[in-house]
Amino acid sequence: MKKLLSGYSKKAGLVPGSIVHVGDRKAERPKITLIKYNRDRFEEKVVEKVEDCFDGDQDVVTWINIDGIHQVDIIEKIGAEYGLHPLVMEDILHTDQRPKVEDYESYLFIVLKMVWYDDIENDIRLEQVSLILGEDFVVSFQEAEGDTFSAVRERLRTGKGRIRSMDASYLAYALMDSIVDNYFLVLEQVSEIIEALEDRLIENPVSETLEEIHDLKKEIIYFRKSVWPLRDVISSLERSDSPLIKDTTLVYLKDIYDHTIRVVESIETYRDIITGVMDLYLSSISNRMNEVMKTLTIIATIFIPLTFVTGLYGMNFEYMPELKYEWGYPAVWIVILLMSASMFVYFRKKKWL
Amino acid sequence: MKKLLSGYSKKAGLVPGSIVHVGDRKAERPKITLIKYNRDRFEEKVVEKVEDCFDGDQDVVTWINIDGIHQVDIIEKIGAEYGLHPLVMEDILHTDQRPKVEDYESYLFIVLKMVWYDDIENDIRLEQVSLILGEDFVVSFQEAEGDTFSAVRERLRTGKGRIRSMDASYLAYALMDSIVDNYFLVLEQVSEIIEALEDRLIENPVSETLEEIHDLKKEIIYFRKSVWPLRDVISSLERSDSPLIKDTTLVYLKDIYDHTIRVVESIETYRDIITGVMDLYLSSISNRMNEVMKTLTIIATIFIPLTFVTGLYGMNFEYMPELKYEWGYPAVWIVILLMSASMFVYFRKKKWL
Amino acid sequence: MKKLLSGYSKKAGLVPGSIVHVGDRKAERPKITLIKYNRDRFEEKVVEKVEDCFDGDQDVVTWINIDGIHQVDIIEKIGAEYGLHPLVMEDILHTDQRPKVEDYESYLFIVLKMVWYDDIENDIRLEQVSLILGEDFVVSFQEAEGDTFSAVRERLRTGKGRIRSMDASYLAYALMDSIVDNYFLVLEQVSEIIEALEDRLIENPVSETLEEIHDLKKEIIYFRKSVWPLRDVISSLERSDSPLIKDTTLVYLKDIYDHTIRVVESIETYRDIITGVMDLYLSSISNRMNEVMKTLTIIATIFIPLTFVTGLYGMNFEYMPELKYEWGYPAVWIVILLMSASMFVYFRKKKWL
Amino acid sequence: MKKLLSGYSKKAGLVPGSIVHVGDRKAERPKITLIKYNRDRFEEKVVEKVEDCFDGDQDVVTWINIDGIHQVDIIEKIGAEYGLHPLVMEDILHTDQRPKVEDYESYLFIVLKMVWYDDIENDIRLEQVSLILGEDFVVSFQEAEGDTFSAVRERLRTGKGRIRSMDASYLAYALMDSIVDNYFLVLEQVSEIIEALEDRLIENPVSETLEEIHDLKKEIIYFRKSVWPLRDVISSLERSDSPLIKDTTLVYLKDIYDHTIRVVESIETYRDIITGVMDLYLSSISNRMNEVMKTLTIIATIFIPLTFVTGLYGMNFEYMPELKYEWGYPAVWIVILLMSASMFVYFRKKKWL
Amino acid sequence: MKKLLSGYSKKAGLVPGSIVHVGDRKAERPKITLIKYNRDRFEEKVVEKVEDCFDGDQDVVTWINIDGIHQVDIIEKIGAEYGLHPLVMEDILHTDQRPKVEDYESYLFIVLKMVWYDDIENDIRLEQVSLILGEDFVVSFQEAEGDTFSAVRERLRTGKGRIRSMDASYLAYALMDSIVDNYFLVLEQVSEIIEALEDRLIENPVSETLEEIHDLKKEIIYFRKSVWPLRDVISSLERSDSPLIKDTTLVYLKDIYDHTIRVVESIETYRDIITGVMDLYLSSISNRMNEVMKTLTIIATIFIPLTFVTGLYGMNFEYMPELKYEWGYPAVWIVILLMSASMFVYFRKKKWL
Ligand SMILES: [Mg+2]
Ligand SMILES: [Mg+2]
Ligand SMILES: [Mg+2]
Ligand SMILES: [Mg+2]
Ligand SMILES: [Mg+2]
Ligand SMILES: [Mg+2]
Ligand SMILES: [Mg+2]
Ligand SMILES: [Mg+2]
Ligand SMILES: [Mg+2]
Ligand SMILES: [Mg+2]
Ligand SMILES: [Mg+2]
Ligand SMILES: [Mg+2]
Ligand SMILES: [Mg+2]
Ligand SMILES: [Mg+2]
Ligand SMILES: [Mg+2]
Ligand SMILES: [Mg+2]
Ligand SMILES: [Mg+2]
Ligand SMILES: [Mg+2]
Ligand SMILES: [Mg+2]
Ligand SMILES: [Mg+2]
Ligand SMILES: [Mg+2]
Ligand SMILES: [Mg+2]
Ligand SMILES: [Mg+2]
Ligand SMILES: [Mg+2]
Ligand SMILES: [Mg+2]
Ligand SMILES: [Mg+2]
Ligand SMILES: [Mg+2]
Ligand SMILES: [Mg+2]
Ligand SMILES: [Mg+2]
Ligand SMILES: [Mg+2]
Ligand SMILES: [Mg+2]
């Protein structure tokens, strides 16, 4: 799990709007990808310097994607080109924003969380994606390479569907949609993990299971925290009167809103279920303990009295008449068998056996 | 329980509005049933090709019911005939929608969950039913054959009640009403299961009961998830200004809204009660454990000291005067009886016996 | 506790608005009581046939009370006389409605739950009361004989208070007020039961107490379910613009609204307290178990080592020098006493004794 | 704790608005205090008959305080003098009202709960205070003598602060303010009790602590119930358009509103903390039990096997070669010491020692 | 943790608006710092008497900071100079206010809580900061020296960023922003404490951990209480129509609102997680207990029956044929080994070993 809060000790006390990157500093250079397209044209290239993206091409939609935000000058150059507010640039760099949308008239600033499941570490991973949506451009900032946008790129390349004939706000929608679609994949994996947990803990509740439940619970809490505000983001985009959101995009935003609600409801459902799983774990432990105690009690309550009986005739008193009788020893055996049998009957009646 | 989420790995990355069926692929052909009626006329047939439904008959209400949505071309043909939006067709096929209503002016798109209780698997089963309500037609899509509509069909056939003289929106209402009525049947069964659980666990709390409680809890959570949004669906139909909902239907929608609230409240009640049942289970386990421990403690605290006494006179010291006395052995018996009696009195006072 | 849901299997699939009684079928005939009054006049009689109530008397308020709704023709005749909607008649008969008010212009349809405490079965009992309030009449339908209205009848007979000089909406208010006043009596009894439970379980937490707590919790849940919607009922009556509610009645409705809120808050309070009682029970069980375990541990840890010591000198080795010493036996006694004493000191320090 | 509900069995079935006192009937006569003041004048006296208060003095603010409401004729005479509605008089006498304000145009009717901490019984005590605020008078009704108003009286007597130059609504404010200020004193005591509880239960969790926690929890629940509605009371006074509330009083009402919110938030905080204290108690019990069990297990697992060994050589078989060997007895001692030592190492590794 | 409530016993009963300091009385004199600045000028000095601050300088923003509020005359002089309402002065001195903003037209009164983490006592510390924002001045009152404003001072001194060219409302914003930024530092430390707790308790759940969890839970509850109302404070500043808040400041208030929501959500998240940590602790204790019980049960159920067998042949009956047989002793050994082996197999099957 990415830490919830970090970088504040580095940043506290700076001028508000300070453009400082607070994540892990990375060695390699951010990767800048430029895509331009319209109904008839498609162009895609990786550029070295961000200035190469600003060539004033007309009648196309421009999509600049930045993988890696640790080089502040790139953000500053884009900021200068598109007139971004210092607070916007600060939020792009400070990657613990909650999802939000801000309307700066000439552009919309949208923050989202890309989420995926890391099968190796068994963790839900989060990455902040910041979108700048302008009249005819989208700039997307990611923390690191690797995203959920490949299908969008493929549709742009092949011209499948309606995306090439639509405007920049549809592109922004398509990116958000691919992010939200990915949430369902993560949910599907969470659902499988929960089912595996349930199966395991009924069979054999070990303490590792407990840690796993706690870990999953925390990850779901963080996941929820990243998705919950999305409802308001999408619905304020939908109800927004910004001319940057074209009418043709509205019906699609409604669809994405629908998906977001389903994601949120599923997360709530999983929270409920994982709470139930915790109860199940605790009850299984109790059941186990009960079984252990019953075993101990049965053995002890049968043999402790018997041992007392044998102890009795192990005493060395000179005057103990029973010891002389020939039938003394068999009589003790009969007593022992009778005591055992009555205990057995008693435990049966109590349903302990 | 139907899985909460599925098919996303198959679908992720497609064009939004892609018409792909994500359920289990089924071998047999979907069954298409056509019903046409007005006050004077009633016609019902199973058609082979969906095109046979589009004959432009006037002055009748047309109800096309599709059992099985795994053949995408049928949905596409209906979509083409009635001008359905690609996102609508996508939602018909992707059967994990939450209940909703969408107004596309020339038609309303309504998604509901049909719920029934599977007595064999002891599970609450869900099936998505999508309704397209137009000026004079209703199209209903189901995942598989078998539904709760037989009474509606019967009323159409026999002309009982007011249904034959009403319009398409009343038909849509009647279908929704039959779905909601069925929720009560499921609730009745849930109520019986809970009562059976309560009886069993007070008598004998075994760990299978625990799994059953957990299982039922989960099923109620999923049931709730399918019914909860229905309130908004019905109330937005009621408050809708769509001309497709006739004024004569409104009072009936109000009645159905009433039913929906009762279903939702009953589910909440059952959630509360099942939580109480879980507590009851845990307390029963604790009570049991207590009883086991008391048995052990009584036996052990009576006999362990006695065994010590016998051990004492089982020692082989040459110089142990008590062993020589004639009254030594009877004296030990008196000690033993006194110790037992005082223990017995102690346990009585403690109310352990 | 009356079952939450019943009769659905009998009714499912009927025409909406079907007038079928779903409760237990009763042998005896419903009792119909007719009261007519104004400032100067009062007339009360039990009538045989419901038609005897419809004699078009002017300038009086007519109150028809039906005890028993299992004879459908009576409801139908009243429905015909006063023009009741089929859905209203259905709801009168189907007695698991939630409290509600519906405005049908010429009459208001009000559903309430009468609640009382059954001292013999130790149960909170519910009965549906449906009121039809017209311009100059009130019809009240009850499931069975016996109600909380005797004081209202008495005031009508004797002409005490303002009731005889008021209109039909005041009569409806008076009936509702007597129902709500009775809720406080039930609450008072619930409060006494909780206090009795608390006293008992601190003294001696037995498993029957557990069942009682669970039972009471459930009854409070059902009681709450019947009262909760009442707030909306009363407040929508208060804010209603129906001419059937006279202005002079409004201040009384406000008073009843006040009472309803107090009932609801008291129920919530009792829910909180009963949850605390459950915790108290569980903790008492834990405390008990602790005491049991301490007893066992004290006895066992004192005597088991001592028994080992005696066992040691009970061995039959030929070469055991201690056995020959004259002071051997007294020395063992000293060891035993020292060990016991140090154990005693240890337990004291641990505060186990 | 004052009982939550009482007197209903005495009152049920009376005419709404019946003026019956439902508290404990008290022998002594209610005490009536009359204060009259303006900027220049101050007069204070205890009157015998309530009629002595109605002398039509002009240009002064009149404050009539009634300690004790068990003599109904006093209430009736005040009701007649100031034109109080029967429902108001009923609510003054029936002292389980929730805090509320009602506007009867010529007067405002305000119900509050005075709360104080009874150090002897260790209980939070409640007393209903009803205020009638008119143009130039305030009447306050209390259940018994003793209140929080002494500072207000003192300020009136000495003319300190602005109170003497203000109108009747400021007096009403001053009385409410003194009641709310007292809530903080109660909260301070609750806070000290909680801290004392925490200290005690970590040291030594006995079952009396449990009862105390439960008792405190209940008292906080009742306290909350009495304070919660106050927010609405004060804010509806603030937003009221009644000419009885002078503009100069408004800023003071805002201050009192502030205080009320702080009281409510503190109560919620204490509820949370007391829940945590309960958890702490339960965990302490578990920890204790754990320690007890560990002691038992250590002793038993060390000595039970050793006792077996001694038992072995206590057998009386004729042919047991070990018994003849000279080193037999020392060898057993070595076995015993080795077994004990390895157990000790095992428990150390497990961190049980 | 600072006590939640204090000083009420000292203050109760005073005139509302009484200017009395209720904190700990401190010996040293409050420190008064005066800063004046505009685009071109910057002046900073510590003044002895508060009157030295009121020199009527024009065209500058004046910031008076008071560290220590225990000398009431300073507050009174500032109150007189700037026309503060008595209730405002009372709230400055009574430092348990909840965060709030009040508009007195010529000035805004803002109360905030400064929060920091005390590494030595391991506590979250709170300090009330009251701000008076006027047309061209800000007065800040703190309980003691030491604050989070050093970065703001530094920016004012060096003229970095836009602060020197902005008005007084921007200064107020900058102070609030520095306070809110500090919340993140506290959250970061809370997050580290929780992670440390988790690690420790899975390894070895001791009862000190329990106290730490309870302590942290309480501190988070108090922290939450201080931050929660801040959302409303900032948003009512944002939506305020006071001319004292300049339009240029609004976008910054929006940014701070964003931060506040993140702080609140993080606190909620930590509350959820700490609840999970408590569950983890309790389950670890249960697991531990289980392990202890299993050890006891295994040892006892193996050796108690064996000891019975040895006891049997330790009896002193004269007629016990087995004792004479040469193979008697080896046979007992075989019985003992068989019994041990079958117990071992049984425990393996049960997965207790
Ligand atoms: Mg993890
Ligand atoms: Mg900032
Ligand atoms: Mg920001
Ligand atoms: Mg993980
Ligand atoms: Mg990336
Ligand atoms: Mg999608
Ligand atoms: Mg969709
Ligand atoms: Mg299942
Ligand atoms: Mg989609
Ligand atoms: Mg099942
Ligand atoms: Mg079907
Ligand atoms: Mg129905
Ligand atoms: Mg109905
Ligand atoms: Mg019952
Ligand atoms: Mg119906
Ligand atoms: Mg009962
Ligand atoms: Mg009845
Ligand atoms: Mg009443
Ligand atoms: Mg009243
Ligand atoms: Mg008490
Ligand atoms: Mg009343
Ligand atoms: Mg108390
Ligand atoms: Mg009093
Ligand atoms: Mg005050
Ligand atoms: Mg104040
Ligand atoms: Mg602390
Ligand atoms: Mg005050
Ligand atoms: Mg601490
Ligand atoms: Mg300070
Ligand atoms: Mg900041
Ligand atoms: Mg437990």
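Because the structure is predicted, anything quoted here is derived from the model rather than measured.

Caption draft 1: The relation of the copies chain E and chain A, seen in detail. Mapping chain E onto chain A is achieved by rotating through 72° and translating by 0.0 Å along the same axis, at an RMSD of 0.1 Å. The relationship between the two copies is best expressed as a five-fold rotation axis. Looking at the rotation axis and the C-alpha trace of chain E, the residue lying nearest is E:Gly314, at 4.7 Å. When you check the interface residues of chain E against chain A, a mere 17% turn up at the interface there too, and the two sides of the contact use different surfaces.

Caption draft 2: Expanded view of the coordination of the magnesium ion (ligand 23). Residue and element names in this part refer to chain D. At 2.2 to 2.7 Å from the magnesium ion (ligand 23) lie its protein donor atoms, namely Glu-127 (OE), Glu-127 (OE), Gln-142 (OE1), Ala-144 (O) and Gly-146 (O). Taken in chain order, the donor set of the magnesium ion (ligand 23) reads E-x14-Q-x1-A-x1-G. By relative accessible area, Gly-146 is classed as partly exposed at 46%.

Caption draft 3: Spatial organisation of the packing of helix H5 (residues 168–203) of chain B against helix H6 (residues 207–227) of chain B. All names here are of chain B. Between H5 and H6, whose axes approach to 11 Å, the crossing angle comes to 160°. Overall, the two elements H5 and H6 adopt an arrangement that is roughly antiparallel. Considering only the axes of H5 and H6, their crossing is left-handed. Each of Tyr-183, Val-186, Leu-187, Val-190, Ile-193, Ile-194, Leu-197, Arg-200 and Leu-201 in H5 lies in contact with H6, whose residues at this interface are Thr-209, Glu-212, Ile-213, Leu-216, Ile-220, Phe-223 and Val-227. Tallied by class, the residues present in the contact of H5 with H6 amount to 13 nonpolar, one polar and two charged.

Caption draft 4: Representation of the coordination of the magnesium ion (ligand 14). Residue and element names in this part refer to chain C. Protein ligation of the magnesium ion (ligand 14) involves Asp-123 (OD) and Asp-215 (OD), the donor distances falling in the range 2.6 to 2.7 Å. Residue Asp-123 is classed as buried on the basis of its relative accessible area, which comes to 11%. For Asp-215, a relative accessible area of 37% translates into the label partly exposed.

Caption draft 5: Spotlight on the pattern of salt bridges. This model, assessed by the stated rule, comprises 115 salt bridges over all chains. A salt bridge links B:Glu268 to B:Arg271; the shortest N-O distance between them is 3.7 Å. Within this pair, B:Glu268 and its partner B:Arg271 are both found in helix H8 (residues 247–312), separated by three residues, close to a single helical turn. Residue classification places B:Glu268 among the partly exposed positions, given a relative accessible area of 23%. One connected set of salt bridges, linked through shared partners, spans A:Asp91, A:Lys100, A:Glu102 and E:Asp258.

Caption draft 6: The arrangement of the packing of aromatic side chains in detail. Residues and elements named next belong to chain E. This model, assessed by the stated rule, comprises 70 aromatic pairs over all chains. Ring geometry for Tyr-82 versus Phe-137: centroids 3.9 Å apart, planes at 15°, classification stacked. Residue Tyr-82 is found in helix H2 (residues 72–82), and its partner Phe-137 is found in strand E7 (residues 137–142); the two are separated by 55 residues along the sequence. A relative accessible area of 9% places Phe-137 in the buried class.

Caption draft 7: Seen up close, the pairing of strand E7 (residues 137–142) of chain D. Residue and element names in this part refer to chain D. Of all the six residues making up E7, six are buried; the element is thus mostly covered by neighbouring parts of the structure. Residues Phe-137, Val-139 and Phe-141 point to one face of E7 and Val-138, Ser-140 and Gln-142 to the other, with burial holding for every one of them. Summarising the sheet, strand E6 (residues 123–133) and E7 pair through five bridges and their orientation is antiparallel. Directly across from Val-129, in E7, lies its bridge partner Gln-142.

Caption draft 8: Looking closely at the relation of the copies chain E and chain D. Superposing chain E onto chain D requires a rotation of 72° together with a translation of 0.0 Å along the rotation axis, leaving an RMSD of 0.1 Å. Of the interface residues in chain E, just 17% have counterparts in chain D that sit at the interface too, so the contact is made through distinct surfaces.

Caption draft 9: Region of the structure containing the environment of B:Ile66. Residues and elements named next belong to chain B. Checked against the element boundaries, Ile-66 lands in strand E3 (residues 61–67). Overall, Ile-66 belongs to the buried group, its relative accessible area being 0%. Between the C-alpha atoms of Ile-66 and Ile-267, which are 201 residues apart in sequence, the distance is 30 Å. Discounting residues that sit within four places of it in the chain, Ile-66 has contacts with Pro-30, Lys-31, Ile-32, Ile-74, Ile-78, Val-139, Ser-140, Phe-141 and Gln-142.

Caption draft 10: Just helix H2 (residues 72–82) of chain B, in detail. Residues and elements named next belong to chain B. Listing the buried residues of H2 in full gives Val-72, Ile-74, Ile-75, Ile-78, Gly-79 and Tyr-82. The buried residues of H2 occupy one face: seen down the axis, they fall within an arc of 160°. Phi for Gly-83, located one or two positions after H2, is positive at around 65°.

Caption draft 11: Structural view of the UniProt feature "transmembrane region" (unreviewed entry) in chain A. All names here are of chain A. Per the UniProt record, the feature "transmembrane region" (unreviewed entry) sits at residues 296–315 and 327–347. Helix makes up 85% of residues 296–315 and strand 0%, whereas the separation of the span's terminal C-alpha atoms amounts to 28 Å. Here residues 327–347 is 95% helix and 0% strand, with 30 Å between the C-alpha atoms at its ends.

Caption draft 12: Examining a negative patch on the surface more closely. A cluster of acidic residues, A:Glu192, A:Glu195, A:Asp199 and A:Glu203, forms a negative patch at the surface. Here A:Glu195 lies in helix H5 (residues 168–203).

Caption draft 13: Region of the structure containing the interface of chain E and chain A. Taken residue by residue, the interface counts 64 residues in chain E and 65 residues in chain A. Counting the surface lost from both chain E and chain A, the interface buries some 5800 Å², and carbon and sulfur atoms represent 65% of this. A per-residue breakdown of the area chain E buries against chain A is headed by E:Arg262, E:Phe308 and E:Phe317, which together make up 12% of the total. In this structure, E:Glu318 and A:Lys324 form a salt bridge, with 3.8 Å as the shortest nitrogen-oxygen distance. For the side of chain E that touches chain A, the secondary-structure elements that each account for two or more residues are helix H4 (150–158), helix H5 (168–203), helix H8 (247–312) and helix H9 (328–349) of chain E.

Caption draft 14: Seen up close, the arrangement of the chains. In this structure chain A stays clear of chain C, and the shortest span between their C-alpha atoms is 9 Å. Separated throughout, chain B and chain E approach each other most closely at a C-alpha pair spaced 9 Å apart.

Caption draft 15: View of the interface of chain E and chain D. Listed by partner, the interface residues are 66 residues for chain E and 64 residues for chain D. When chain E packs against chain D, the two sides together hide about 5800 Å² of surface, and 65% of this comes from carbon and sulfur. Linking chain E to chain D there are eight salt bridges. Here E:Lys100 ties to D:Asp258 by a salt bridge, and the two come within 2.9 Å at their closest N and O atoms. Scanning the region where chain E abuts chain D turns up 16 residue pairs in polar contact (both at pLDDT 80 or more). The set of elements that each furnish at least two residues to the side of chain E that touches chain D consists of helix H1 (8–11), helix H3 (86–93), strand E4 (100–103), helix H6 (207–227), H8 and H9 of chain E. Considering each element in turn, the side of chain E that touches chain D owes the most residues, 19 residues, to H8(E). Tallied by class, residues from the side of chain E that touches chain D come to 34 nonpolar, 15 polar and 17 charged.

Caption draft 16: Region of the structure containing the sheet that holds strand E2 (residues 42–47) of chain A. Residues and elements named next belong to chain A. Pairing is mixed in the open sheet, where seven strands are placed in the order E2-E1-E3-E7-E6-E5-E4. Strand pairing shows two members of the sheet lacking a second neighbour, E2 and strand E4 (100–103), which therefore form its edges. Ignoring which end each strand starts from, the neighbouring axes of this sheet average 20° apart. As paired elements, E4 and strand E5 (residues 108–118) share four bridges and run antiparallel to each other. From the neighbouring strand, Val-101 faces E5, where its bridge partner is Ile-110.

Caption draft 17: Up close: the confidence of the model for chain A. Residues and elements named next belong to chain A. For chain A, mean pLDDT is 89; residues scoring 70 or higher make up 93% of the total. Confidence scores differ between elements of chain A, with helix H1 (residues 8–11) showing the lowest mean pLDDT of 61 and strand E7 (residues 137–142) the highest of 96. Model confidence for the complex is summarised by a pTM of 0.85, with the ipTM given as 0.83.

Caption draft 18: Representation of the pairing of strand E5 (residues 108–118) of chain B within the structure. All names here are of chain B. Counting buried positions along E5 yields 10 of 11 residues, so the element is predominantly enclosed. The antiparallel hairpin formed by strand E4 (residues 100–103) and E5 contains four residues in its connecting segment, where Glu-105 sits at a positive phi of about 60°. Here E5 runs beside strand E6 (residues 123–133); their pairing, made up of 11 bridges, is antiparallel. Bridge pairing in E6 links Met-114 to Glu-127.

Caption draft 19: Representation of the environment of A:Arg231 within the structure. Residue and element names in this part refer to chain A. By the element assignment, Arg-231 lies in helix H7 (residues 230–239). For Arg-231, a relative accessible area of 28% translates into the label partly exposed. Considered as a pair, Arg-231 and Ile-256 are 25 residues apart in the sequence and their alpha carbons are 9.3 Å apart. With sequence-adjacent residues up to four places away left out, Arg-231 is seen in contact with Tyr-257, Thr-260, Ile-261 and Val-264.

Caption draft 20: Layout of the domain arrangement of chain A. The domain architecture assigned to chain A consists of domain 1 (2–284) and domain 2 (313–349). The gap between the C-alpha centroids of domain 1 of chain A and domain 2 of chain A is 79 Å.

So, how was this worked out
Residues numbered from 1 in each chain as written. Chains lettered and ligands numbered in written order. Predicted model: local features only at pLDDT ≥ 70, side-chain atom pairs only at ≥ 80, totals over all residues. Heavy atoms only, no water. Least-squares fit on C-alpha atoms with pLDDT ≥ 70 in both. Contact = heavy atoms within 4.5 Å. Donors = N, O, S within 2.8 Å, 3.2 Å for Na, K, Ca; no water. Buried < 20%, exposed > 50% of the residue type's maximum accessible area, 1.4 Å probe, protein only. Axes fitted to C-alpha atoms, helices over the stretch in contact; angles between N-to-C directions. Helix = DSSP H or I, 4+ residues; strand = E, 2+ residues; numbered from the N terminus. Parallel < 35°, antiparallel > 145°, perpendicular 65-115°, else oblique. Left-handed = near helix turned anticlockwise from the far one by under 90°. Nonpolar A, V, L, I, M, F, W, Y, C, P; charged D, E, K, R; others polar. Salt bridge = Lys/Arg side-chain N within 4 Å of Asp/Glu carboxyl O. Phe/Tyr/Trp six-rings, centres within 6.5 Å; stacked < 30°, edge-to-face > 60°. Pairing = 2+ DSSP bridges. Arc of directions from axis to C-beta. UniProt positions renumbered as here; feature names shortened; annotations may be inferred. Patch = residues over 30% accessible without salt bridge, like charges linked within 9 Å, V, L, I, M, F, W, Y side chains within 5 Å. Areas by Shrake-Rupley, 256 points an atom, 1.4 Å probe, with all protein chains shown as cover. Lys, Arg positive; Asp, Glu negative; His and termini not counted. Charge placed at Lys NZ, Arg CZ, Asp CG, Glu CD. Buried area = accessible area lost by both parts, 1.4 Å probe. Polar contact = N/O pair within 3.5 Å; in protein donor to acceptor, adjacent residues only side chain to side chain. pLDDT = per-residue confidence, 0-100. Domains from an automatic or database assignment.

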